[in-house]
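Topology and contacts: notes
Here are the chains, one letter per residue:
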Amino acid sequence: MSDDQPLLTERRGEKDGILWMTLNRPERLNALTFPMLHEMREVFFAARFDRSLRCIVITGAGRGFCSGMDVGGAGNPDPDPPPPGLQPGDLDLEGHRFVMRRESETFTALRRLETPIIASVNGPCVGAGFDLASLCDMAVVSKAAKFQVAYVKRGLHADLGGFWSLPRVLGWRKAMELMMTGRFMSPEEAHAAGFSNALVEPEDLEAETMRLALEIEAGPPIAQRIGKLLATRSQFMDFDSALQWSETAIPLVDLSADHKEGIAAFLEKRPADFRGF
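Each chain carries its own residue numbering, running from 1 in the direction its sequence is written. Residues qualify for local features only when their pLDDT is at least 70, as the model is predicted, and side-chain atom pairs are given and counted only at 80 or more; totals for whole chains, interfaces and linings, by contrast, use all residues. Remark: hydrogens and water are excluded; side-chain values derive from all non-hydrogen atoms of the structure.

**Section: helix α4 (residues 162–170)**
Throughout this description, buried means an accessible area under 20% of the type-specific maximum (1.4 Å probe, protein chains only), exposed means over 50%, and partly exposed covers the range between. A helix here means a DSSP run of H or I that spans at least four residues, while a strand means a run of E at least two residues long, and both kinds are numbered starting from the N terminus. Residues of α4 that are buried: G162, S165, L166, P167 and L170. Backbone geometry just downstream of α4 places G171 in the positive-phi region, at approximately 95°.

**Re the sheet that holds strand β9 (residues 198–200)**
Any two strands with at least two DSSP bridges between them are considered paired. The mixed open sheet is built from 6 strands, whose spatial order is β1-β2-β3-β4-β6-β9. At either end of the open sheet lies a strand with only one pairing partner, and these are β1 (7–12) and β9. Mean inter-strand twist for the sheet, computed between neighbouring axes without regard to direction, equals 20°. Strands β1, β2 (18–23) and β3 (55–60) of the sheet are contacted by helix α1 (residues 34–47), whose axis makes an angle of about 175° with β2. Helix axes use the C-alpha atoms of the stretch in contact, all axes being lines fitted to C-alpha atoms, and the angles between their N-to-C directions lie in the range 0 to 180 degrees. Any two residues whose heavy atoms approach within 4.5 Å at even a single point are treated as in contact.

**So, the pattern of salt bridges**
Every case where a carboxyl oxygen of Asp or Glu lies within 4 Å of a side-chain nitrogen of Lys or Arg is listed as a salt bridge. Within this structure, the stated rule accounts for 17 salt bridges. Residue R12 is joined to E10 by a salt bridge in which the shortest nitrogen-to-oxygen separation is 3.0 Å. With a relative accessible area of 19%, R12 lands in the buried category. Between K143 and E201 there is a salt bridge; the shortest N-O distance is 3.0 Å. Linking K143 in the loop between β6 (138–142) and β7 (146–148) with E201 in the loop between β9 and α7 (205–217), this pair joins segments that are 58 residues apart in sequence. Among the residues examined, K143 registers a relative accessible area of 39% and is labelled partly exposed. By relative accessible area, which is 34% here, E201 ends up partly exposed. Here the salt bridges do not stand alone but share partners, grouping K174, E177, R183 and E189 into one network.

**Quick notes on the packing of aromatic side chains**
Each Phe, Tyr or Trp ring (for Trp, its six-membered ring) is paired with any other whose centre lies within 6.5 Å, and the angle between the two planes then decides the class: stacked below 30 degrees, edge-to-face above 60, tilted in between. Summed over all chains, the structure comprises 4 aromatic pairs. Relative to F147, the ring of F130 lies with its centre 5.3 Å away and its plane at 45°, an arrangement referred to as tilted. Taken as a pair, F130 in helix α3 (residues 128–134) and F147 in strand β7 lie far apart in primary sequence, 17 residues in all. Across this residue pair, the class does not change: F130 and F147 are buried. Taken together, the aromatic side chains of F130, F147 and F195 make up a single cluster linked through ring pairs. Should the NZ of a Lys or the CZ of an Arg lie within 6 Å of a ring centre and within 35 degrees of the ring normal, that charge is described as sitting over the ring. Here the guanidinium or amino end of K146 rests over the ring plane of F184, the centre of that ring lying 4.5 Å away. Positioned above the aromatic ring of W164, the side-chain terminus of R168 is 4.1 Å from the ring centre.

In structure tokens form, the structure reads like this:
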């Protein structure tokens, strides 16, 4: 991997429908920088309009998934120069809010994706990295991984969406324990709590992630995206309202060529060839 590209992307799969994204700062355990966040946001935005895309995989280079935000690295300069008149040591609340917006907009762009997303967690998954993995739809985890809500150890809260996603993924009590203590969670404990779809040996991580991604790639993308959209948007609805959304969405799927192909493949007892229209 190139050392001067902090974010690598490539297309994989039988139909080139898998976008494989690698955080590529292994010397810093793939700690996030503002340039990385900007590039990730651009990739996520473009992915929303890519009909050929069936699945996204996010992983890390080297021995770590992501160690959070790089708060002291030289590779993470302040993205916003101070306004005229601001002196060193002056309190700049608006500047700090803008910095947080640059971080949160990337995670918002991730959550807006209708394409299924897999976190392939190869090592330490800490702070913003834990938030990133928990905001994905699925996770394949190496036994070399470990997890931490590191914010509380710095006198902060899980500010990049972990406060929202971790209780949903891990359950309230486990999430509160991690968020209040900041202790590390083992991959075995994470798997038992429902964080991962598969827990594998380190050498099997890429193959198992690819197996799951290929299975998703072979599926009907319209039905998958609408299904994810309904699952995401109906979390806070009552049952009747959620079903009304489904009633509105079902014609988009029912009238698709993919639906006709799915029925034909079932009747003819053959694998379906979904095209995404």
